[in-house]
Amino acid sequence: AWEGSIKDFENADINLQSSMFAKFSQTYFDLNGLICVVAQTAVGGSTLQDVAGNPSGSWNSDKSVGTLRYDSASTFAECLQFLYSSPLYNVQEIFTIWNQGEADVNGDGTYPAQNVSLAEYNNSAIGAESMTTVTVGYRRDGSRKTELDQVRGWQYEAINSSSLINLGFDRARDFVAL
């Protein structure tokens, strides 16, 4: 895990230890025999679209809406600079994992275009060859299913319209409704 330096997940921030990224990294190693360094830049409650009044920030390409994509690229660039400068590491592939969308249920409908724009930005800014998407799931209590279906539709629209975006996992399942 990248936290200003490379750390084993056991020595990383407790939230990162228990995240999907730790499991993904282990599974990636098990399948490919390659170490997967995770530079986690997730921000809970963030949006991709311009959603009025969202305090968590936005991944939107318009800097007046949010700067998360640019902040994230800066973190990735710092991590990559460290990896490239160290004789211990041989970077073979760069990709991002996108697991976001619930906060976009009240968005302006630009989700697919912003999703493609984010993948293109990551490709040009940090050399990410692909963006693997985990589509949004449903709440255990069944609330907001219609809105979440809309976001899932937008996610599939982006996946189907860009060679940079692929489906990694269909639906995070049964997360606890707030």
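Everything below is about the structure shown above.
What you see is a predicted model, and the numbers here were worked out from it, not measured in a lab. (Residues numbered from 1 in each chain as written. Predicted model: local features only at pLDDT ≥ 70, side-chain atom pairs only at ≥ 80, totals over all residues. Heavy atoms only, no water.)

Novice: An account of the side chain of Ser-130 is requested, with residue identities and associated values reported.
Specialist: Mapping Ser-130 onto the fold places it in strand S2 (residues 130-134). Residue classification places Ser-130 among the buried residues on the basis of a relative accessible area of 15%. Apart from residues no more than four positions distant in its own chain, Ser-130 is found in contact with Ile-94, Phe-95, Thr-96, Leu-164 and Asn-166. (Helix = DSSP H or I, 4+ residues; strand = E, 2+ residues; numbered from the N terminus. Buried < 20%, exposed > 50% of the residue type's maximum accessible area, 1.4 Å probe, protein only. Contact = heavy atoms within 4.5 Å.)

Novice: So what about the packing of aromatic side chains? Which residues, and what values?
Specialist: Here the structure, examined in full by the defined rule, presents five aromatic pairs. Aromatic side chains Tyr-28 and Phe-95 sit 5.5 Å apart centroid to centroid with 40° between the ring planes, which places their arrangement in the tilted category. Separated by 67 residues along the polypeptide, Tyr-28 in helix H2 (residues 20-32) and Phe-95 in strand S1 (residues 95-98) bring together distant segments of the chain. Measuring from ring centre to ring centre gives 5.3 Å for Trp-59 and Trp-98, while their planes differ by 90°; the resulting arrangement is edge-to-face. Pair noted here: Trp-59 is in the loop between H2 and helix H3 (68-85) and Trp-98 is in strand S1, with a separation of 39 residues, a long-range link. (Phe/Tyr/Trp six-rings, centres within 6.5 Å; stacked < 30°, edge-to-face > 60°.)

Novice: Break down the sheet that holds S2 for me, with residues and values.
Specialist: Pairing between sheet strands relies on hydrogen bonds along the backbone, with the strands arranged either parallel or antiparallel. A sheet is described by the order of its strands in space; here three strands give the open sequence S1-S2-S3, paired in parallel fashion. With partners counted over all chains shown, the strands left at the sheet margins are S1 and strand S3 (165-169), one partner each. Strand-to-strand twist in this sheet, taken as the mean axis angle between neighbours without regard to direction, amounts to 30°. Bridging between S1 and S2 involves four bridges; their strand directions are parallel. Considered in S2, the bridge of Ile-97 is made with Thr-132. Relative to S1, helix H4 (residues 111-126) is tilted by about 155°, and along the sheet it contacts S1, S2 and S3. (Pairing = 2+ DSSP bridges. Axes fitted to C-alpha atoms, helices over the stretch in contact; angles between N-to-C directions.)

Novice: So what's going on with H3? Which residues, and what values?
Specialist: Its 18 residues place the ends of H3 26 Å apart at the C-alpha level, agreeing with the 26 Å of an ideal helix rising 1.5 Å per residue. Within the span of H3, buried status applies to Leu-68, Arg-69, Ser-72, Ala-73, Phe-76, Cys-79, Leu-80 and Leu-83. The arc that holds every buried residue of H3, seen down its axis, measures 130°, which confines them to one face. For H3, exposure combined with an orientation more than 90 degrees from the buried face picks out Gln-81 and Ser-85. Looking at the buried residues of H3, the elements they touch are S1 and H4. (Expected span 1.5 Å × (residues − 1). Arc of directions from axis to C-beta.)

Novice: Account for the pattern of salt bridges, naming residues and giving values.
Specialist: Counted under the stated rule, the structure contains three salt bridges. Note that Asp-149 and Lys-145 form a salt bridge whose closest N and O atoms lie 2.9 Å from each other. Of this pair, Asp-149 and Lys-145 both sit in helix H5 (residues 145-161), four residues apart, which is roughly one turn of that helix. A relative accessible area of 30% places Asp-149 in the partly exposed class. (Salt bridge = Lys/Arg side-chain N within 4 Å of Asp/Glu carboxyl O.)

Novice: Describe the side chain of Ser-72, naming the residues involved and giving the relevant values.
Specialist: As for its position among the elements, Ser-72 is in helix H3. Setting aside residues no more than four positions away along its own chain, Ser-72 makes contact with Thr-41 and Trp-59.

Novice: Give a description of the packing of H4 against H5 that names residues and reports values.
Specialist: Put simply, H4 and H5 touch, their axes get as near as 8 Å, and they point 45° apart. Between H4 and H5, the interaxial angle falls into the category oblique. The way H4 lies across H5 gives a crossing that is right-handed. The residues of H5 that touch H4, namely those facing Tyr-111, Pro-112, Asn-115 and Val-116, are Val-151, Trp-154, Gln-155, Glu-157, Ala-158 and Ser-161. (Parallel < 35°, antiparallel > 145°, perpendicular 65-115°, else oblique. Left-handed = near helix turned anticlockwise from the far one by under 90°.)

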